[in-house]
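# Analysis of the macromolecular model
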Amino acid sequence: MRRIIRTLSLSLVLLAMVSCASIDCPLNNTVHAKFKFSATVPYTLTVSAKISEDSDSILFNRGEKVDSILLPMSYSRAQDVYYFEFTDENGTKTDTITVSKEDRPHFESVDCSPSIFHTIMGVSSTNLVIDSIAINNKDVTYDERKPHFIIYLKSNTN
């Protein structure tokens, strides 16, 4: 009987050690905001972002017939500035979208790298091609199914 109890105790200890060793860390902990257009964009679209006072970075290059895009958000700035370049046979027009947000750290486990989730506080844009932009989902997390922003384009921009 003692032998059975000792074997069961050892089995439980081994089972507990194995169960603690499996941690489900996200493979990609980058958080993206989803920008959804009210209709397919009839332009070639390029999006860049201001990443510092002196430089910009292209985030989305020469997309055609786009209806939505995913863009990363900064980890430490209170505002992100995106430049949406709309190009057609008449040339290029650039609208600026400014997103105000609050950052909050998100931890899955002490063994996983932390992520930064965001709460969108406000959004504004210039209005060369963009008519308006609305916040659809203010919480930016790993869930990219529901768009965070809806962008309405002007019907005639000539």
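Scroll up for the structure.
Treat the numbers as computed from the prediction; the structure is a model and nothing was measured.

Secondary structure assignment for the protein yields 1 helix and 10 strands. From first element to last, N terminus to C terminus, the protein shows the α and β order α-β-β-β-β-β-β-β-β-β-β. The buried share of the protein, reckoned over its 158 residues, is 32%. Total accessible area computed for the protein in this model is approximately 10100 Å², and 53% of it derives from carbon and sulfur atoms.

Evaluation of the coordinates by the stated rule reveals 7 aromatic pairs. Ring plane angle 90° and centroid distance 5.1 Å describe the contact between F117 and Y142, whose orientation is recorded as edge-to-face. Of this pair, F117 sits in strand β7 (residues 115-125) while Y142 sits in the loop between β9 (139-140) and β10 (149-153), and the two are 25 residues apart along the sequence. Residue Y142 is classed as partly exposed on the basis of its relative accessible area of 27%.

Strand pairing in a sheet relies on backbone hydrogen bonds. The paired strands run either parallel or antiparallel. Spatially, the 4 strands line up as an open sheet ordered β4-β1-β10-β8, and their pairing is mixed. On the outer flanks of this sheet lie β4 (68-72) and β8 (130-135), each paired with one strand and no other. The mean inter-strand angle of the sheet, taken between neighbouring strand axes irrespective of direction, is 25°. Two strands pair when backbone bridges link them, and β8 and β10 are joined in this way by 5 bridges, in the antiparallel orientation. Looking at the pairing, I133 lines up with I151 of β10.

Definitions and cut-offs
- Residues numbered from 1 in each chain as written.
- Predicted model: local features only at pLDDT ≥ 70, side-chain atom pairs only at ≥ 80, totals over all residues.
- Heavy atoms only, no water.
- Helix = DSSP H or I, 4+ residues; strand = E, 2+ residues; numbered from the N terminus.
- Buried < 20%, exposed > 50% of the residue type's maximum accessible area, 1.4 Å probe, protein only.
- Areas by Shrake-Rupley, 256 points an atom, 1.4 Å probe, with all protein chains shown as cover.
- Phe/Tyr/Trp six-rings, centres within 6.5 Å; stacked < 30°, edge-to-face > 60°.
- Pairing = 2+ DSSP bridges.
- Axes fitted to C-alpha atoms, helices over the stretch in contact; angles between N-to-C directions.

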